[in-house]
Amino acid sequence: DAGVTQSPTHLIKTRGQHVTLRCSPISGHKSVSWYQQVLGQGPQFIFQYYEKEERGRGNFPDRFSARQFPNYSSELNVNALLLGDSALYLCASPNPSGPTDTQYFGPGTRLTVL
Amino acid sequence: GESVGLHLPTLSVQEGDNSIINCAYSNSASDYFIWYKQESGKGPQFIIDIRSNMDKRQGQRVTVLLNKTVKHLSLQIAATQPGDSAVYFCAESTGFQKLVFGTGTRLLVSP
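The structure reproduced in this document is the subject of the present report. (Residues numbered from 1 in each chain as written. Chains lettered and ligands numbered in written order. Predicted model: local features only at pLDDT ≥ 70, side-chain atom pairs only at ≥ 80, totals over all residues. Heavy atoms only, no water.)

**A few points about the state of the cysteines**
For the structure shown, the criterion picks out two disulfides over all chains. At a sulfur-sulfur separation of 1.7 Å, the disulfide partner of A:C23 is A:C91. One disulfide, between A:C23 and A:C91, carries an S-S torsion of -65 degrees and so falls in the left-handed class. Of this pair, A:C23 sits in strand β3 (residues 19-24) while A:C91 sits in strand β9 (residues 87-93), and the two are 68 residues apart along the sequence. For the pair formed by A:C23 and A:C91, the shared burial category is buried. Here B:C23 engages in a disulfide with B:C90; their sulfurs sit 1.8 Å apart. Every disulfide takes its handedness from the sign of the S-S torsion; for B:C23 and B:C90 that torsion is 55 degrees, giving right-handed. (Disulfide = S-S within 2.5 Å. Helix = DSSP H or I, 4+ residues; strand = E, 2+ residues; numbered from the N terminus. Buried < 20%, exposed > 50% of the residue type's maximum accessible area, 1.4 Å probe, protein only.)

So this is what it looks like as structure tokens:
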């Protein structure tokens, strides 16, 4: 079974641009969460989606938005990029056969803003 | 506010030693805790979890201890191997699948 998948693996943008990151949860699960991990720090919660509805939001500005599609894949969008948005963006989902609290992470998308 | 922190940023051990990584949490209402291992360039990998109604849980070569009185969590790795070298994070669950992470401890294992 495929785990959480993310694309692209790496991305370079310039300040002011917009970026879209993509994620597919573990097959069979309807929940996706997004985290931002700045170098040298632990991941920070951005969003959680379940059944295409936003169920939670972290302390991030409105430049960050997300959505979930009928197939439960998800996109994270960031507008008006700042240098400080450079980070590893992680997507996570529970395993359908395990506890729903347990989040399994994808490999991440490394975003560099120049 | 919620916070999960770690006492030591770097832990260096010799191969074959036992390693202990510590974590303090501040939200006494948290009821679920997870340890993750993160290797360079990869996403966090689930190691072991524990619920607040337990004080100890064992896995393969790993043990997690939870002390709710002092809000302290630890990860013990037996017979540490070079492949265990990574950054280890503790995380607490504060709601529906939202995790709060600490800053991490880097474990360096020397052969």
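After that view of the structure, there is still more to cover.
**As for the interface of chain A and chain B**
Facing the 25 residues of chain A at the interface are 20 residues of chain B. For the pair chain A and chain B, the two sides together bury roughly 1600 Å², of which 55% comes from carbon and sulfur. In this structure, the connection of chain A to chain B is made through zero salt bridges. Inspection of the region where chain A meets chain B yields five residue pairs in polar contact (both at pLDDT 80 or more). If you list the elements that add at least two residues to the side of chain A that touches chain B, you get β4 (31-37), β5 (44-50), β9 and β10 (104-105) of chain A. For the side of chain A that touches chain B, the element with the most residues is β4(A), which contributes four residues. (Contact = heavy atoms within 4.5 Å. Buried area = accessible area lost by both parts, 1.4 Å probe. Salt bridge = Lys/Arg side-chain N within 4 Å of Asp/Glu carboxyl O. Polar contact = N/O pair within 3.5 Å; in protein donor to acceptor, adjacent residues only side chain to side chain.)

**What to know about the sheet that holds strand β7 (residues 64-68) of chain A**
In a beta sheet, neighbouring strands are held together by backbone hydrogen bonds and run either parallel or antiparallel to one another. Residues and elements named next belong to chain A. Strand order across the open sheet formed by four strands is β1-β3-β8-β7, with antiparallel pairing between neighbours. Strand pairing shows two members of the sheet lacking a second neighbour, β1 (5-7) and β7, which therefore form its edges. In this sheet, adjacent strand axes meet at a mean angle of 20 degrees when their direction is disregarded. In this sheet, strand β8 (residues 74-78) lies alongside β7 in antiparallel orientation, the contact comprising five bridges. Counterpart to S65 in the pairing with β8 is N77. (Pairing = 2+ DSSP bridges. Axes fitted to C-alpha atoms, helices over the stretch in contact; angles between N-to-C directions.)

**Here's the deal with the environment of B:Y88**
Residue and element names in this part refer to chain B. Secondary-structure assignment places Y88 in strand β9 (residues 86-93). Sequence separation of Y88 and Y36 is 52 residues, and the distance between their C-alpha atoms is 5.7 Å. Here the side chain of Y88 touches D84 through a polar contact of 2.5 Å, landing on its backbone oxygen.

**Some details on the environment of B:K71**
Residue and element names in this part refer to chain B. Along the chain, the position of K71 falls in the loop between β7 (62-67) and β8 (72-77). A relative accessible area of 28% places K71 in the partly exposed class. Separated by 43 residues in sequence, K71 and S28 place their C-alpha atoms 7.1 Å apart. Not counting residues up to four positions away in its chain, the partners in contact with K71 are C23, A24, Y25, S26 and S28.

**Things to note about the pattern of salt bridges**
Counted by the stated rule, this structure contains eight salt bridges over all chains. Note that B:R57 is salt-bridged to B:D49, the shortest N-O span being 2.1 Å. Among the residues examined, B:D49 registers a relative accessible area of 7% and is labelled buried. Because the salt bridges share partners, they merge into one network encompassing A:R22, A:R67 and A:E75.

**Overview of the environment of B:V70**
All names here are of chain B. Inspection of the secondary structure puts V70 in the loop between β7 and β8. Judged by relative accessible area, which is 54%, V70 ranks as exposed. As a C-alpha pair, V70 and I47 span 23 residues in sequence and 23 Å in three-dimensional space.

Keep in mind these numbers describe shape, not what the thing actually does.
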